[in-house]
Amino acid sequence: MTHTDAGAELDPVHPVPVPARRAHGLSTAEVAERVARGEVNDVPVRSSRSLGEIVRANVFTRFNAIIGVLWLIMLFVAPLQDSLFGYVILANTGIGIIQEWRAKQTLDSLAVIGEAKPTVRRDGAAVAVSTSEIVLGDLIEIGPGDKVVVDGECVEADGLEIDESLLTGEADPVVKRPGDQVMSGSFVVAGGGAFEATKVGREAYAAQLAEEASRFTLVHSELRTGISTILKYVTWMMIPTAIGLVISQLVVKQHGFKDSIARTVGGIVPMVPEGLVLLTSVAFAIGVIRLGRKQCLVQELPAIEGLARVDTVCLDKTGTLTEGGMDVTELRPLGGADETYVRKVLGALGESDPRPNASLQAIIAAYPDSEEWRCVESLPFSSARKYSGASFSEGDGESSTWLLGAPDVLLGADDPALAETGRLNEQGLRVLLLARVAGELDDPEVARGARPTALVVLEQRLRPDAAETLRYFAEQDVHAKVISGDNAVSVGAVAGKLGLTGQVVDARQLPSDQGEMAKSLDEGTVFGRVTPQQKRDMVGALQSRGHTVAMTGDGVNDVLALKDADIGVSMGSGSEATRAVAQIVLLNNSFATLPSVVAEGRRVIGNITRVATLFLVKTVYSVLLAVLVVCWRVEYPFLPRHLTLLSTLTIGVPAFFLALAPNTERAQPHFVRRVMRYSIPGGVIAGAATFVTYLIARHYYTGKGSLGAETSAATLTLFLISMWVLAIIARPYTWWRITLVASMGAAFVVVLIVPWLQHFFALKLVGVTMPWVAVGIAAVAGVLLEGVWRVVDRRGAV
């Protein structure tokens, strides 16, 4: 079959005549000339922070500055063991830099794999180049799902419709004709064409906005915002408390200036939850690396956190539950139509579309093109209208116009062909109607009066892993909603084969009011005949009910919904537009990867919430101890080495393992409130009990060396209480969690019984009575901690 048109040179794909030079695109020499002049699309695109930015972000922090100054002071006034906290900070910062650098390498390599390459015409041939290789004047071909990557002027158009909603907010697609402007950041929803690049690189302002929106960013997240809020309050508490402690310890000079300085620093250092920020960054970075190994590109870090909060996932059937390909299983002529003639029509329709979708590709494979038929005009498929069409000049001189699309859209409700369609849909088959029309294709009412000629029955290939993935979501209390543009009965049958049961709804009957729509969405499971705008409205309706929504899709009709969803997930083989707006791209196109992605998100946010409690309990008891010391005008009970030991055994080492442990619990909102509701009472109990032990020890021990004995008793109480907090946080117990807690306790016992370690950490329990008093006070505090935990747990915190 051939296209016909009079006039200038014809392009083999697009029927609109264009000047010869423009039709062939730039020559190799012209491209080299423009590159030499710097007329290249050189907008920097990166998937992550540079190494320098990573180093600066991990080294130059407020708390590293505080700890660094205190460390330098301790190096001059105290033994090496009192400066251990500084080396720990160096090690932690190094780990953070290494992990984020590894994450950057993973992201960068995946970004190259997932990068879409626009098709440009050079020397008369279509070639794929990277976005950064486009030069001014390049002729760029576009089709359904392609993103417009630079500003330009339309040169060729074949039913070209472009959605500019991401730039202008206007939801309706804009029909483009030669001479019209196209804007970077928009995308093609129907038809095809070509445009000449008129603005590239930094001159294309819209392109810069689009790249900024779609690249790897550290955007808002509740977890990061919550931690920043906590650190802000900690800073305000720490400054006056530290000043009071400095004055108090320098006034109480019975044990010398250097010892007073050492104890002052010992009181300030534990107030800083320095490991919390580091551990959060490490957890995110390791999450990126883990997902990268499964061919999952995380384009925005908070997407990992967002996945932990997802309670509803909206699935597009085609490409998600079913594989992209289809097979024609049957052709049913209607009204006595000649099957041989129908086959010619279908073959011609397949050849008329330069970028056929999956349904049309199956038809092309089943019915060869007739050379005698010529396409006069074509109407590309649009997910909004649910059909495509073409007008032909047949070999015998006759002319005809045909539509191919959804039977329930093209036919009236009482048409007998719909009954047969319904029976086929109930078997999970997809049915297209071939209908002849009398009107012109550009008539909005062209489908009115369509005469049904044949039903084309297609079988969709189910993804072998889809059923197992849906079962996972059900087990994890994540509600799956299948949202498709196909017939509702057919989609429901496919979902039923995969074990997904529930109410099947035709989206054309959904109420337009958001509240009523949300109610229907909560009740239904499968939704068919959904338009692109409806998909977006459905996401908004679910969010209005407090749901955290993830949306999966691969087609251009999914773009608006993906953009509005809390988490957008695109298939790697999907359109360039969907990959650009999605936070997560499944490069292996496997729906079965989603459980791993959700599990990784839950692991990160759930574990950070747990370990944050460990760090902040320490901050609270450190501030309280400092306040009590100032008020009682006594020596601070601990040297830095004591708190370094306690922090390492009860927080540092355990938190690292707990932060990377499996965790399937869906994260809850209000991170700061949930963490502080346990940290504050837990820290108050720990600080008060430790200070009580210290005061009793001050009355019990007298004479030379009494301060060391008092410190050892107070350290024992604080360690036991901190271990109790760790034991609570480590629940529910598994063999490795029990081993972790037990090994930390054993390590402390080793310090107490090995003479050189006793000396190194200045810890030696004197007598029998006071150590047992310390144990008793810790036991009472432990019972109080359990009570607080149960109350908080019942209220749904932590």
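Note that the coordinates shown come from a computational prediction; the quantities given were computed from them, not determined experimentally.

**Quick look at empty space enclosed by the protein**
- Under the defined criterion, the tally for this structure stands at six cavities of 30 Å³ or more.
- Taken as a whole, the largest cavity spans an internal volume of roughly 110 Å³.
- At the level of elements, β8 (187–199), α12 (339–352), β12 (374–382) and β13 (387–393) are the ones that each hand at least two residues to the lining of the largest cavity.
- In this structure, the second largest cavity occupies an estimated 60 Å³ of space.
- Lining the second largest cavity are Leu614, Val617, Lys618, Tyr621, Thr650, Ile651, Ser722 and Val725.
- Taken together, the elements giving at least two residues each to the lining of the second largest cavity come down to α22 (594–632), α23 (640–659) and α25 (706–729).
- If you tally residues by element for the lining of the second largest cavity, the top one is α22, at four residues.

**Looking at the nonpolar core**
- Within the largest apolar cluster, 130 residues are counted, with the highest numbers of intra-cluster contacts made by Ile584, Phe591 and Phe748.
- Ranked by residue count, the leading element in this core is α22, at 18 residues.
- Listed in part, the 26 residues of the second largest apolar core include Val189, Ile483, Met551 and Val559.

**Observations concerning the packing of helix α24 (residues 671–700) against helix α28 (residues 769–794)**
- Close contact between α24 and α28 brings their axes to 10 Å; oriented N to C, the two are set at 165 degrees. Between α24 and α28, the angle falls in the class roughly antiparallel. You can see that α24 and α28 cross each other, and the crossing is right-handed. In contact with Arg677, Tyr678, Pro681, Gly682, Ile685, Ala689, Val692, Thr693, Ile696, Ala697 and Tyr700 of α24, α28 contributes Thr769, Met770, Val773, Ala774, Ile777, Ala781, Leu784, Leu785, Val788, Trp789 and Val792.
- Broken down by class, the residue content of the contact of α24 with α28 amounts to 18 nonpolar, three polar and one charged.

**Regarding the confidence of the model for the chain**
- The predicted model of the chain has a mean per-residue pLDDT of 82, with 90% of residues at 70 or higher.
- Of the regions scoring below 50 in pLDDT, residues 1–18 engages in 46 contacts with residues more than four places distant in sequence or in other chains.
- Low pLDDT, under 50, characterises residues 210–219; the stretch is placed with 30 contacts to residues that sit more than four places away or in other chains.

**Quick look at α25**
- Between its first and last C-alpha, α25 extends 35 Å over 24 residues, near the 34 Å set by a 1.5 Å rise per residue.
- Taking burial as the measure, the 24 residues of α25 include 21 buried ones, the bulk of the element.

Calculation rules
Residues numbered from 1 in each chain as written. Predicted model: local features only at pLDDT ≥ 70, side-chain atom pairs only at ≥ 80, totals over all residues. Heavy atoms only, no water. 1 Å grid on protein atoms, 1.4 Å probe; cavity = no way out; pocket = protein on both sides within 12 Å on 5 of 7 lines; lining within 4 Å. Points joined across faces, edges and corners; volume = space filled by probe spheres on them. Helix = DSSP H or I, 4+ residues; strand = E, 2+ residues; numbered from the N terminus. Core = buried A, V, L, I, M, F, W, Y, C linked by side-chain atoms within 4.5 Å. Buried < 20%, exposed > 50% of the residue type's maximum accessible area, 1.4 Å probe, protein only. Axes fitted to C-alpha atoms, helices over the stretch in contact; angles between N-to-C directions. Parallel < 35°, antiparallel > 145°, perpendicular 65-115°, else oblique. Left-handed = near helix turned anticlockwise from the far one by under 90°. Contact = heavy atoms within 4.5 Å. Nonpolar A, V, L, I, M, F, W, Y, C, P; charged D, E, K, R; others polar. pLDDT = per-residue confidence, 0-100. Expected span 1.5 Å × (residues − 1).

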